[in-house]
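Residue-level structure breakdown
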Amino acid sequence: MMRTHTCGELRVQDVDVQVTLCGWADRVRDHGGVLFIDLRDTHGVTQVVVHPEDTPSVFAIGETVRAEWVLSVAGKVAHRPDGTVNPDLHTGEIEVVAAALEPLSKADALPLPLDDSPVDERLRLTHRSLDLRRERLQQNLQLRARIVSSIRQAMESQDFTEIETPTLIRSTPEGARDFIVPSRLSPGSCYALPQSPQIYKQLLMVGGFDRYYQIARCWRDEDARADRQLEFTQLDLEASFCHEEDVYQWVEKAVGAAFEVGGRGAHFTPPLPRLTWHDAIRLYGTDKPDLRAGAPIEDLSSLFLETEFQAFAAAAHKGAVRGWRACGGGSRSRKELDLLTVRAKELGAQGLVWMVVEADRKLRSPIAKFLSEAELAGVRNQLHGDPGDLLLLVADEARVCSEVLGALRVEIAAPRGHAVEDGMALLWVTEFPMFEPGENGPTPLHHPFTAPHPDDLEKMQTAPFEVRSRAYDLVVNGVELGSGSIRIHDRDLQERVFAAIGMPADEIASRFGFLLHAFRFGVPPHGGFACGIDRLAMVLADEPSIRELIAFPKTQSGADPLSGAPAPVTVQQLDDVGLLLSPEVRAQLAGKTAT
Ligand code: ASP
């Protein structure tokens, strides 16, 4: 064995033991002739001390050591002298007195600092192998591994079978753009990389596997968006003969196990709350509510049906008047309150009414004089306003009221610390709408295999946007962690959904024909879910970006500064797969090389 212990292992009970450690020179310090080398590996840091009198030849080597050299150190474990114990290190009570020191490899001057000083992310990604040496990334990736392992155990304990599905496939139905892979064996034809294993997992259900899961790699060729990666990993699952509640329980067990290993078990108390999509929009203005950001939005319309304040009366009849209480928010200056109004307008409202609850419970507001005492008291009571609170009201279309107040709710909570508290707020958002308006009429909000709510079937052709689906999302702290649905297993119903979205028969046949064909031979009722692992790990590691939880992430524009991907390929490679560059692209590439 090259080493007897790791750099995180030695304690006082090992004093006098002869050891050999290997690792990187984290820091080298010369203290009045005595050399200290902090030796680091993934397990921790151990202080190595080199005495010039006792071991002059070792000292001579030690003096040449620079940061990030890889060393092998042999010596005896000793107590650190009184007053030099480091309580912040697990190994802080001991040091290793070097009797031999061998540089295993040297390091050039580093292109980026490895301490906590801020570094440009591109530089970090360009030198990712160095960047990965940071304790933060070491811990994040180890946490991620434990999360995945706990999920696997939880799924297996629930009788799910791990099955791999192909990654060179035909298009999937998720609705984003596919990454395509040209085929050499069929020039001019392409595979797609899966946006999810959706069709294959449904085929596995037809194939008689009761419960499938996979830690699946997926690809979506989407425009750059904050904190999205073009390739990502998800816990993907599908099961037969189940209802929503079964799926919720399975997922809660798996995600709960991840929370447990992430040290957040106390924040995970199943069964998680559920909220229908309609209620989520009404109460929080979003389908990803952050339950930590304070009270829900209240509908105040009924208070203003008879009011003399025309703006409210009109909205109460034709739209809505809604309000939200910012607990303790009343200390804002007039200028800050005006800025909130500006922000509300940016968010799409015609205006914003603010009211501050004074010590005597009276409401101070620019519009107080237009409202009756009873109306003011009604607002205060319904919003549970206490002295010092700020009440915000919007009169508009119902959806605008909730969306604007919902956005303000999160924005107001965040800088005040509410939304970033240690707490975790998880919930299921259920009964998503079946369709959303698309370029050519209704398009599926989830995917076309999602089952419609049984009570809304008649509306499918007449009022498609009112049809609820059996789709659900798992949301944590205002972030969508995953989504899934109960699927359609009835051929007629599937055809009605295709008809509602106006998908032509030939497109249906070419995109999904192989699934529909399989559906002709006995389909079990089934449903499933997919949960983003990168995002889950990000939440549990309390990191601001998923890139801190991915060993080799891409930048927001999809580039990999480490390898230079994506990069042009040779004409020969293109020729092999039957592709030619257009003259424009050729000119662009030539321009690029020239500059
Ligand atoms: N395939 C879906 C997705 O990746 C999840 C599911 O419906 O199971 O979002």
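Whatever comes next refers back to the structure up there.
Please read all numbers here as calculations on a predicted model, not as lab measurements.

Focus: the overall build of the protein
For the protein, the helix and strand inventory stands at 17 helices and 22 strands. Here the C-alpha coordinates of the protein stretch approximately 95 × 75 × 55 Å along the principal axes. Split into buried and exposed, the 595 residues of the protein put 48% on the buried side. The contacts in the protein between residues at least 6 apart in sequence include a share of 67% that link residues at least 24 apart. Approximately 29,100 Å² of the protein is accessible, and the part contributed by carbon and sulfur atoms is 53%. If you average the places of the 62 positive and of the 86 negative side-chain charges in the protein, the two averages end up 2 Å apart.

A short note on the site of the ligand
The environment of the ligand is formed by 14 residues, the closest being Glu174, Gln198, Lys201, His446 and Arg487. Burial of the ligand by the protein amounts to 95% of the accessible area it has alone, namely 270 Å². Secondary structure elements with two or more residues in the shell around the ligand: α5 (198-206), β21 (479-486) and β22 (526-532). A total of three residues in the shell around the ligand trace back to one element, the largest contributor, which is β22. For the shell around the ligand, a count of residues per class yields two nonpolar, eight polar and four charged.

Description of the pairing of strand β3 (residues 44-50)
Judged by how many residues are buried, β3 sits mostly within the fold: seven of seven residues are covered. Along β3, one buried face is formed by Gly44, Thr46, Val48 and Val50 and the opposite face, lined by Val45, Gln47 and Val49, is buried too. Two strands pair when backbone bridges link them, and strand β2 (residues 34-41) and β3 are joined in this way by seven bridges, in the antiparallel orientation. When the sheet's bridge partners are listed, Ile37 is paired in β3 with Val48. Between the antiparallel neighbours β2 and β3 lie two residues. Where β3 meets strand β5 (residues 94-105), two bridges bridge the pair, whose relative direction is parallel. Counterpart to Val48 in the pairing with β5 is Val96.

Side note on the sheet that holds strand β20 (residues 471-476)
Taking strand neighbours across the sheet as the criterion, the eight strands line up as β6-β9-β10-β22-β21-β20-β17-β11 in an open arrangement whose pairing is mixed. The strands lining the two open edges of the sheet, one partner per strand, are β6 (161-162) and β11 (274-276). Where strand β10 (residues 231-240) meets β22, seven bridges bridge the pair, whose relative direction is antiparallel. Across the sheet, residue Glu238 finds its bridge partner in β22, namely Gly528. Across the sheet, α5 is in contact with β9 (211-219), β10 and β22; its angle to β10 comes to roughly 20 degrees. Against the sheet, helix α7 (residues 277-284) engages β11 and β17 (426-430), with an angle of about 90 degrees to β11.

Digging into the pattern of salt bridges
For side chains of opposite charge, pairing can occur when their charged atoms come near one another. This model, assessed by the stated rule, comprises 41 salt bridges. Taking the shortest distance from any N to any O, the salt bridge between Arg144 and Asp534 comes out at 2.7 Å. Here the residue Arg144 occupies a position in helix α4 (residues 135-157), and Asp534 occupies one in helix α15 (residues 533-541), the gap between them amounting to 390 residues. The salt bridge involving Arg228 is made with Glu222; its shortest N-O contact spans 3.2 Å. Overlapping salt bridges, with partners in common, bring together Arg124, Arg128, Asp131, Arg134, Arg136, Glu543 and Glu548 in one network.

A few points about the sheet that holds strand β16 (residues 390-396)
Taken in spatial order, the five strands line up as β12-β13-β16-β14-β15 in an open sheet, and their pairing is antiparallel. One side of each edge strand has no neighbouring strand; the edge strands of this open sheet are β12 (298-299) and β15 (363-364). Strand direction decides the pairing type here: β12 and strand β13 (residues 320-326), joined by two bridges, are antiparallel. Each bridged residue has a counterpart across the sheet, and for Asp299 the counterpart in β13 is Arg322. On the sheet, helix α8 (residues 310-318) packs against β13, β14 (353-357) and β16 and is oriented at approximately 65 degrees with respect to β16.

Definitions and cut-offs
Residues numbered from 1 in each chain as written. Predicted model: local features only at pLDDT ≥ 70, side-chain atom pairs only at ≥ 80, totals over all residues. Heavy atoms only, no water. Helix = DSSP H or I, 4+ residues; strand = E, 2+ residues; numbered from the N terminus. Buried < 20%, exposed > 50% of the residue type's maximum accessible area, 1.4 Å probe, protein only. Contact = heavy atoms within 4.5 Å. Areas by Shrake-Rupley, 256 points an atom, 1.4 Å probe, with all protein chains shown as cover. Lys, Arg positive; Asp, Glu negative; His and termini not counted. Charge placed at Lys NZ, Arg CZ, Asp CG, Glu CD. Near = heavy atom within 4 Å. Nonpolar A, V, L, I, M, F, W, Y, C, P; charged D, E, K, R; others polar. Pairing = 2+ DSSP bridges. Axes fitted to C-alpha atoms, helices over the stretch in contact; angles between N-to-C directions. Salt bridge = Lys/Arg side-chain N within 4 Å of Asp/Glu carboxyl O.

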